[in-house]
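Notes for the structure review
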Amino acid sequence: MTTVPASTSTGTADEVRVRFCPSPTGTPHVGMVRTALFNWAHARHHGGKLIFRIEDTDAARDSEESYHQLLDAMRWLGIDWDEGVEVGGPDGPYRQSQRGDIYQDVIEKLKASGHIYESFSTAEEIVDRHKAAGHDPQLGYDGYDRDLTDEQKAALRAEGREPTWRLRMPEDDITFTDMVRGEITFKAGTTPDFVVVRANGKPLYTLVNPIDDALMRITHVLRGEDILSSTPRQIALYRALIEIGVAERIPEFGHLPYVMGEGNKKLSKRDPQADLFLYREQGFIPEGMVNYLSLLGWGYSADEDIFSRAQLVERFDASSVNPNPARVDLKKATAINADHIRLLPEAELAERLIPYLQAGGVLGEDVTEEQRALVAAATPLVQTRMNLLGEAPELMGFLFTADEDLVVQDDALKKLGDDPAAVLDRAILEVEAIDEGAFTAEALEPALRGAIVDDMGVKPRLAFGPLRSAISGRRISPPLFESMELLGKPSSLARLRSLHSRLAAEG
């Protein structure tokens, strides 16, 4: 049995070095970014390093746009890296497409040592041999080319065949201790010899990935559960790389649980819940997103779901990851985001709201100092009412709307009480009586409450509905009196009179 020796796999005596190595295809996926986050947290917890490299050897699918989206995603979430693309390091270059000479050098050493061998068999020939032997034709490669003589190889070449190169898999069990799942054994013979170099001489991902890990001295590999079945191949390659002097160790493996979407299905790239940038567009903040992504397979404690980035680093260890599938729960994610919005300093939240107000058409490209001051003043009014930053235009837009352009939504005209016109009429009188220099929430509330609730006898829950609809155009809005103070006396009166006239005209 081939067992990964503890002395070469744990790396406890050395610096922890983990890597994040995505392919630049499509937009960043929640599951992929969760993998980056867990690697980062594991490295930071142990005082180690995160290496960020790009696996961009698939020219048909890779794109520079996707590469820059990966950088954007990492930076937005605050997942910084110590070595890799954009920052450099001692083991560059950090894009596979630029490491061809390095791979060819290792391939030659593997050929010379006999760890890889030429294979001339076609897929059809392998299937035919299995059928002839009465075996399942789907068993995969049968080892036929392992011991071809030089004469046989020459004859096959004379037929015009170009061989691939396969790794000789060990003929005994491969056992390793997964950081997440415990001891795992792959029985001898269950993993056939596999191709590592194409007939055109180009290496496959299955070879270059462990070469990069070896040369970058990776000690721990945290990756998705979906590629657990490839781990015996990786371990066999590491053993070969150790024997030819390229690798120092076999890293520890930890296979992270699936991220599931709706309907008990694995979250796919095509699922809207999978696109990280859609969350950002909706107004998730990095603090909330990091917190939520951390809960997809891990937990800070049994009774605490809200925690900071620093607390994540303090407690995270790959051995504490839950192996069971994790499920995306948008309601929970939104609630966690809301909690982190409430934790932001008001001035910082105000600045973060501005891009969303611009995207919603509330503010233009050039924000004036007056507008910026109004956003800052309104921020405390909406901070506890907001789940996502993307709600800012709906919550705050009325403050930046000209009085004559304010549209009172149909929903805001429902449940206004028995005589909303009378309520507005009385409110107008009270507002007119307040001096413009003393037009504050502290002055407005007792005056209007005394007039409408006490004098008119309107129930408190109905008393201010007509005013709220007139001021904001919406049934639900930031605090009424504070909103009126921000608008000022002239605008507040104009809006109250406008709705009063409309209701009076409608009878």
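Residues numbered from 1 in each chain as written. Predicted model: local features only at pLDDT ≥ 70, side-chain atom pairs only at ≥ 80, totals over all residues. Heavy atoms only, no water.

Thoughts on empty space enclosed by the protein
For the structure on display, the rule yields two cavities of 30 Å³ or more. Estimates place the volume of the largest cavity at around 50 Å³. Along the walls of the largest cavity sit Asp213, Ala214, Arg217, Ile218, Tyr238, Ala247, Glu248, Arg249 and Pro251, which together make up its complete lining. The residue inventory of the lining of the largest cavity, partitioned by class, reads five nonpolar, no polar and four charged. Roughly 40 Å³ of volume is contained in the second largest cavity. Taken together, Phe20, Pro28, Met32, Val33, Ala36, Leu70, Ala73 and Met74 make up the lining of the second largest cavity. When residues of the lining of the second largest cavity are traced back to their parent elements, those giving at least two are helix 2 (30–45) and helix 3 (64–77). Classifying every residue of the lining of the second largest cavity gives eight nonpolar, no polar and no charged. (1 Å grid on protein atoms, 1.4 Å probe; cavity = no way out; pocket = protein on both sides within 12 Å on 5 of 7 lines; lining within 4 Å. Points joined across faces, edges and corners; volume = space filled by probe spheres on them. Nonpolar A, V, L, I, M, F, W, Y, C, P; charged D, E, K, R; others polar. Helix = DSSP H or I, 4+ residues; strand = E, 2+ residues; numbered from the N terminus.)

Re the nonpolar core
Residues Phe52, Leu77, Leu167, Leu241 and Leu312 are the most contacted members of the largest nonpolar core, which totals 90 residues. In terms of residue count, helix 2 provides more of this core than any other element does, eight residues in total. The contact partners of Phe52, leaving out residues within four places of it in the chain, are Phe20, Pro22, Leu70, Leu71, Met74, Trp81, Glu83, Gly84, Val85 and Tyr94. With 52 residues, the next largest nonpolar core counts Ile285, Leu357, Leu363 and Ile452 among its residues. (Core = buried A, V, L, I, M, F, W, Y, C linked by side-chain atoms within 4.5 Å. Buried < 20%, exposed > 50% of the residue type's maximum accessible area, 1.4 Å probe, protein only. Contact = heavy atoms within 4.5 Å.)

Observations concerning the environment of Val127
Tracing the chain through its elements places Val127 in helix 5 (residues 123–132). A relative accessible area of 26% places Val127 in the partly exposed class. For the pair Val127 and Gln138, spaced 11 residues apart in sequence, the C-alpha to C-alpha distance is 7.1 Å.

Things to note about the pattern of salt bridges
Under the defined criterion, the tally for this structure stands at 41 salt bridges. The salt bridge partner of Arg17 is Glu83, with a shortest N-O separation of 2.9 Å. With Arg17 in strand 2 (residues 17–20) and Glu83 in strand 4 (residues 83–84), this pair connects stretches of sequence that are 66 residues apart. Judged by relative accessible area, Arg17 falls into the buried class, the value being 5%. Accessibility expressed as a relative area gives 5% for Glu83, which makes it buried. The shortest N-O distance in the salt bridge between Arg426 and Glu430 comes to 3.2 Å. Residue Arg426 and its partner Glu430 are both found in helix 16 (residues 420–433); the two are separated by four residues, about one turn of the helix. Look at the salt bridges and you will find they share partners, linking Glu15, Arg17, Lys49, Glu83, Asp91 and Arg217 into a network. (Salt bridge = Lys/Arg side-chain N within 4 Å of Asp/Glu carboxyl O.)

Some thoughts on the sheet that holds strand 6 (residues 164–167)
If you walk across this open sheet you meet the three strands as 5-6-9, and the pairing is antiparallel. Looking at strand neighbours, the two that pair on one side only are strand 5 (116–119) and strand 9 (195–197), the edges of this open sheet. On average, each strand axis in the sheet is tilted by 50° relative to the strand beside it, whichever way the strands run. When strand 6 meets strand 9, the two strands line up antiparallel, connected through two bridges. In the sheet register, Arg166 faces strand 9, and the bridge partner there is Val195. (Pairing = 2+ DSSP bridges. Axes fitted to C-alpha atoms, helices over the stretch in contact; angles between N-to-C directions.)

Concerning the pairing of strand 11 (residues 252–256)
In terms of burial, strand 11 is a largely internal element, five of the five residues being buried. Residues Glu252, Gly254 and Leu256 line one face of strand 11 and the alternating positions Phe253 and His255 line the opposite face, and both faces are buried. Note that strand 10 (residues 220–224) and strand 11 share five bridges and pair parallel. Each bridged residue has a counterpart across the sheet, and for Val221 the counterpart in strand 11 is Phe253. Following the chain from strand 10 across helix 8 (residues 231–243) to the adjacent parallel strand 11, one finds a crossover that is right-handed. (Right-handed = clockwise from strand over helix to strand, strands pointing away.)

Structural notes on the packing of helix 16 against helix 17 (residues 441–455)
Closest axis-to-axis distance for the helix 16/helix 17 pair is 10 Å, and the angle between their directions is 145°. Between helix 16 and helix 17 lies a crossing of right-handed hand. Listed contacts from helix 17 to Val423, Arg426, Ala427, Glu430 and Val431 of helix 16 are Leu444, Ala447, Leu448, Ala451, Ile452 and Asp455. Taken together, the residues that form the contact of helix 16 with helix 17 break down as eight nonpolar, no polar and three charged. (Left-handed = near helix turned anticlockwise from the far one by under 90°.)

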